[in-house]
Amino acid sequence: MQPTSVYEAVGGMETFEKLVGGFYAQVREDDLIGPMYPQQDWEGAQQRLTWFLVQYWGGPQLFSEQRGHPRLRMRHAPYPIDMAAHDRWLELMSNSLARIDEETIPPAYRAMIWDHMERVAAMLINRAP
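Residues numbered from 1 in each chain as written. Predicted model: local features only at pLDDT ≥ 70, side-chain atom pairs only at ≥ 80, totals over all residues. Heavy atoms only, no water.

1. Some remarks on the pattern of salt bridges
Moving on, step 1. Under the defined criterion, the tally for this structure stands at six salt bridges.
Moving on, step 2. In this structure, the salt-bridge partner of D31 is R88, at a minimum N-O distance of 3.0 Å. Within this pair, whereas D31 is found in the loop between α2 (13-27) and α3 (42-56), its partner R88 is found in helix α6 (residues 83-98), the two being separated by 57 residues in sequence.
Moving on, step 3. Exposure remark for D31: the relative accessible area of 63% places this residue in the exposed category.
Moving on, step 4. The exposure class assigned to R88 is partly exposed, which follows from its relative accessible area of 22%.
Moving on, step 5. Put simply, R88 and E91 hold a salt bridge, and the shortest N to O gap is 3.8 Å. In this pair, R88 and E91 both sit in helix α6, three residues apart, roughly one turn of the helix.
Moving on, step 6. Taken together, the shared-partner salt bridges in this structure form one network comprising D30, D31, R88 and E91. (Salt bridge = Lys/Arg side-chain N within 4 Å of Asp/Glu carboxyl O. Helix = DSSP H or I, 4+ residues; strand = E, 2+ residues; numbered from the N terminus. Buried < 20%, exposed > 50% of the residue type's maximum accessible area, 1.4 Å probe, protein only.)

2. Quick word on the packing of α2 against α6
Moving on, step 1. Interaxial distance between α2 and α6 falls to 8 Å at its minimum, and their mutual angle equals 130°. If you check the angle between α2 and α6, you find them oblique. In the crossing of α2 with α6, the sense of the turn from one axis to the other is right-handed. Facing K18, L19, G22, F23, Q26 and V27 of α2, the residues of α6 in contact are W89, L92, M93, N95, S96 and L97.
Moving on, step 2. Classifying every residue of the contact of α2 with α6 by side-chain character gives seven nonpolar, four polar and one charged. (Axes fitted to C-alpha atoms, helices over the stretch in contact; angles between N-to-C directions. Parallel < 35°, antiparallel > 145°, perpendicular 65-115°, else oblique. Left-handed = near helix turned anticlockwise from the far one by under 90°. Contact = heavy atoms within 4.5 Å. Nonpolar A, V, L, I, M, F, W, Y, C, P; charged D, E, K, R; others polar.)

Dropping the structure here:
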């Protein structure tokens, strides 16, 4: 049976948990964007990003069920996101994506996911250089 969504095509929840887990493992140690994350709620932040990506790519609507509409720009407005933060976020996400084999995320899906990451990162910039 053909997958009905990117979520299904790339292995569902397990793959997105791996992607986000790899990202957050780096963020915890990062000097630029690490301090923007809630130190007392690492697991919550990780879960929210997982829910968001799962929902966006056709999986369960966990983010909306738990948090309402994503409203990404509003939710990120308090954080100083400039081009350096944008670049670092993408670097860490790229590292995490690269650790997932092409059998799990084939090149076509990988390109789609990466395009989305780049668009979201650009949309969240809220500080001038």
